[in-house]
Each structure stands twice: as structure tokens, then as C-alpha cells.
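In case you want the letters, here they are:
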Amino acid sequence: MTPGALGPEEAMSPEAFAARMASLHKAGPLALAVSGGGDSMALMALAADWAEVRNIPLLVLTVDHGLRAGSADDAAFVAEQAQALGLNCALLNWTGDKPASGVQAAAREARYRLMANTCRAQGVRTLALAHTREDQAETVLMRLARGSGVDGLSGMATATELFGLRLVRPLLDVPRAALRAVLAMHGQAWRDDPTNEDATYERVRARKTLQELAPLGVDTAALALTAARMGEARVALDAAAADLGRRAATFDAMGYARFDPASLSKAPRELALRLLSAAIRWVSGAPYAPGREECGRALDWMLSAPVAGGRTLHGCQFDARQGGVTLARETAAATAKIGAAEGGIWDGRFHCDPMVVEQASGLTIAALGADGARRVKAWGRAPVKWSRAPRAAKLASPALWSGKTLLNAPSADYVAGADAPRLHALTTPAPFSLKGPGESLC
């Protein structure tokens with residue numbers, strides 16, 4: 001469709017956009033997530049002007065999810081419009097089987113993974129998203145309906161980390177009308193997604209409900225203000241949970257954590273839950289934390305002072321030994337496999353640099369597993385740190401394979417031979433160095 005007739009006095013100014021970007025993006029190239037809708041097209045228009053003045057390379061990313069007729073045309077439209085602005089555009093495709101339920105959530109996660117992989121390959125560390133004040137209000141309303149606490153009601157963060165990529169939302173406090181006015185000023189067209197009117201989806205129902213609640217003062221501005229205030233509370237709680245973590249837990253670069261239940265038992269329950277939730281997300285590599293009730297049951301078990309035994313949750317394995325509880329990746333859940341030549345985030349936890357050696361195209365990065373662990377043990381030269389690590393953490397650590405031949409297990413310092421290629425793998429930052437344990441993909 002063509003832009004509406006909003007006056008330029010309502011438009012978000014270049015100065016206002018620059019002020020937001022100054023606190024969100026310091027240096028280097030920037031990627032933009034652009035769907036073709038009005039919000040993301042306005043982001044592209046604003047960012048193009050901003051980047052040109054500052055000589056900052058921009059990369060436009062658009063995803064053809066293949067979920068409805070016309071999605072390929074929308075992606076092609078974005079590429080065409082980006083080219084008209086002199087911007088590079090990568091058109092990404094979500095291929096493979098699609099789920100029968102939870103389609104929107106699966107599509108969101110697929111989009112972010114595709115964009116994160118592309119950014120990593122292009123050397124881009126920051127991705128700008130076009131979420132607006134209306135999106136924030138809808139998110140808060142949906143989470144309110146689920147009985148969310150501080151984390152949920154703080155809505156989306158202006159900056160967070162996901163799949164090794166920094167996500168920024170410079171338009172999160174901007175009303176949609178101000179962006180439509182930007183489009184009018186630039187003469188920029190956009191495409192409305194027909195699913196935005198499909199009441200089958202929760203977000204569409206939330207949008208319509210907000211219109212009905214507006215006469216009571218429960219409007220987008222009020223809910224966005226609630227999110228901002230809850231966000232301030234969340235920062236304070238995260239700081240307190242991080243302090244508790246320094247007393248009650250240790251986090252190892254092999255991707256596991258050890259807890260002192262006695263120290264946890266002395267802390268307020270909210271802080272203990274927050275710390276455990278963040279640790280589970282970190283150990284599992286999952287984009288979401290587990291539900292509060294599930295975390296609560298796991299915490300209660302930890303505080304019952306078990307001397308032996310275990311349990312699993314969210315792709316993690318709890319193991320109680322005398323004096324503490326170890327949290328490691330569940331071996332059966334570490335099934336990720338990526339090409340060594342491409343590299344990337346393996347199992348949501350380890351940053352693996354792309355292999356540039358000649359034979360890399362035939363190599364894969366996958367879990368060490370029981371067979372690999374036996375080879376490391378037979379080798380007999382692993383460091384003391386390896387021998388003291390939980391078995392689950394060893395089996396779920398990244399390794400470099402050529403077919404069924406183990407070439408390198410970096411966590412154990414194992415290498416098959418002097419000329420064998422080596423894998424460089426680092427865990428993602430430990431909990432609370434990220435922007436909160438429960439950031440949503442919404």
C-alpha cells in the first residue's frame with residue numbers, strides 16, 4: 001500500500017532516532033530486520049539516513065518464512081526497496097518442515113537463528129528490530145493474561161543478547177503513527193501482512209482488546225510505562241541475583257554450574273529462583289527460561305539437601321553430591337550439529353569460529369558423546385580440570401569430527417595428531433552479563 005497522509009509534524013525526527021542509536025550502537029556495521037511492514041520500512045528509512053552521515057555499513061535482512069502465499073513477494077519487495085536506498089540486502093529462507101502448532105513462536109525463533117547466522121558470517125554483531133510502543137503494550141497485555149511477574153511485565157528490552165547477537169530496539173517507545181509519518185515524508189511504500197488481522201493469533205486479539213480498553217485509560221502509553229517501570233525493577237533484581245550467584249554458585253567455561261544449596265536457602269526465594277532460571281537458560285542454551293513453577297519445583301528439590309540423586313529440566317541435568325548440586329547439559333539434548341566451515345553457535349551455548357583449513361568442508365561440530373569421551377580417556381593427557389568436570393558436561397561438550405573420527409575436543413585439550421585441525425570454541429557469557437534471564441523472542 002502507499003503511505004498515509006499523516007503530517008510531517010508527527011514524524012519521528014532524525015535527531016530523535018540518532019539519540020536512541022547513540023546509546024544502543026557504538027561502532028561497526030549494523031544489520032536491520034525488515035519484513036516489509038510499515039514499522040520495519042520506517043526503521044530502514046531512518047537508519048539509512050543515520051548510517052550515511054556516520055559512514056556505518058548497513059545490512060538489511062529479510063526472511064521468507066514460506067507460511068503463506070505472498071511471503072516470497074514480500075521478501076523480494078524488501079530487497080528491491082533496500083537496493084533503491086543503496087543498501088545491501090540478504091534474503092533468507094526458512095526451509096524444512098513447519099510445526100502444526102505454535103507456528104508464530106517457531107517462526108520467530110527460526111527468523112532470529114537465520115539472521116544471527118548471517119550476521120555472524122558477515123561480521124555483524126548488532127541487529128536492529130522495529131518493535132514499537134504498540135508492540136510493547138501488546139506484549140505486556142499478553143503476559144499479564146498469563147500471570148507474569150516482574151520479568152514478563154517488563155516487556156521487551158531495548159537491548160539484549162540472543163544466539164550470540166546483540167538485539168537493539170530503537171523504536172520501542174515510539175508510537176506507530178510517528179513511523180507512518182516517516183514513511184509519508186520519505187514517500188516510502190510498505191506491505192501489510194494479512195495475518196495482522198487474523199484473530200487466530202494471540203497478538204492480534206491483544207491488539208483489538210487494547211482498543212476496547214483505551215476508554216478506561218488502559219492504552220498503549222500506559223502499558224508501555226508499566227513495562228518501563230517493571231524494567232527498572234528487573235534491573236535491580238538481576239543485580240541482587242548476580243550478587244547471590246557470586247556467593248552461591250560457580251559457572252565453568254565448560255558450560256556447567258555448581259550450587260551451594262545452603263547459601264541458596266538463606267536468600268529470598270525470588271532471588272534464588274531468578275538465579276536458577278538464569279543458570280538453566282545458560283546451561284541449556286535455550287532462548288527461553290523454563291516456567292516459574294518448574295523452576296520452583298527444582299529449587300525446592302535443591303533446598304531439600306539431597307546427598308545423592310538427580311533430575312532433569314529444560315535440557316539440563318541436576319546431580320546432587322555431598323555438599324552441592326551440579327547443573328550440566330543433559331547429554332541426550334545436546335544433538336546439535338553444524339558444519340565446521342560455517343561455524344556458529346553450537347547447541348545455543350558455544351561460539352565456534354569457522355574452520356578455514358582446506359579439509360573443513362567435510363568436518364562437523366557435534367557433541368563429544370560417550371564414544372568421544374572414551375577416546376579422550378584412553379589418550380590419558382586431559383588436564384585435571386577435565387577430570388573434575390561432571391560426566392554430563394564432558395559428553396555434551398563440543399568436538400570436531402570427520403565422520404566418526406574424533407579430531408579435536410577443545411575442552412579436554414585433546415587433538416588426534418600434530419597436524420589435526422583444532423576447534424576454537426567459547427561458551428556464551430555467564431548469566432547476568434546478558435540483559436536478563438528471560439528475554440522473549442516476541
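Residues numbered from 1 in each chain as written. Predicted model: local features only at pLDDT ≥ 70, side-chain atom pairs only at ≥ 80, totals over all residues. Heavy atoms only, no water.

## Structural notes on the pattern of salt bridges
Pairs can form between side chains of opposite charge whenever their charged atoms are close. All told, the structure shown has 26 salt bridges when counted by the stated rule. The residue Asp-193 makes a salt bridge to Arg-68 at a minimum N-O spacing of 3.1 Å. One end of the pair, Asp-193, is in the loop between α7 (176–186) and α8 (202–213); the other, Arg-68, is in the loop between β2 (58–64) and α3 (71–84), and 125 residues separate them in sequence. Residue Arg-203 pairs with Glu-138 through a salt bridge whose shortest N-O separation is 3.2 Å. Remark: Glu-138 occurs in helix α5 (residues 133–145) and Arg-203 occurs in helix α8; sequence separation between them is 65 residues. (Salt bridge = Lys/Arg side-chain N within 4 Å of Asp/Glu carboxyl O. Helix = DSSP H or I, 4+ residues; strand = E, 2+ residues; numbered from the N terminus.)

## Overview of helix α4 (residues 103–122)
Taking 1.5 Å of rise per residue, the 20 residues of α4 would be expected to cover 28 Å, and the 28 Å separating its terminal C-alpha atoms lies within 8% of that figure. The secondary structure elements touched by the buried residues of α4 are β1 (30–33), β2, β3 (88–93), β4 (126–128), β5 (159–162) and β6 (165–168). Just past α4, the residue Gly-123 takes up positive phi, approximately 75°. (Expected span 1.5 Å × (residues − 1). Contact = heavy atoms within 4.5 Å.)

## Describing the nonpolar core
Of all hydrophobic cores here, the largest spans 37 residues; its most connected members are Met-12, Phe-17, Leu-32, Met-44, Trp-50, Val-60 and Leu-171. Mapped onto this core, the elements with two or more residues apiece are α1 (14–24), β1, α2 (38–54), β2, α3 and α7. In this view, Phe-17 contacts Met-12, Leu-43, Leu-46, Ala-47, Trp-50, Pro-170 and Leu-171; residues no more than four positions away in its chain are not counted. Formed by 27 residues, the second largest nonpolar core is a distinct cluster that contains Leu-244, Ala-248, Cys-295 and Leu-313. (Core = buried A, V, L, I, M, F, W, Y, C linked by side-chain atoms within 4.5 Å. Buried < 20%, exposed > 50% of the residue type's maximum accessible area, 1.4 Å probe, protein only.)

## Some points on the environment of Met-254
When you line up the elements, Met-254 lands in the loop between β7 (249–252) and β8 (256–259). Judged by its relative accessible area of 4%, Met-254 is buried. Separated by 21 residues in the primary sequence, Met-254 and Ala-233 place their C-alpha atoms 32 Å from one another. Residues contacting Met-254, with those up to four places away along its chain left out, are Arg-349, Phe-350, Trp-386, Ala-389, Ala-393, Lys-394, Ser-411 and Thr-427.

## Focus: the packing of aromatic side chains
For the structure on display, the rule yields five aromatic pairs. Summarising the aromatic geometry, the rings of Phe-251 and Trp-282 are spaced 5.3 Å apart at their centres and angled 85° between planes, so their arrangement reads as edge-to-face. Linking Phe-251 in strand β7 with Trp-282 in helix α11 (residues 269–284), this pair joins segments that are 31 residues apart in sequence. We classify Phe-251 as partly exposed; its relative accessible area is 28%. Where Trp-379 meets Tyr-414, the ring centres are 5.1 Å apart and the plane angle is 85°; that geometry is what we call edge-to-face. (Phe/Tyr/Trp six-rings, centres within 6.5 Å; stacked < 30°, edge-to-face > 60°.)

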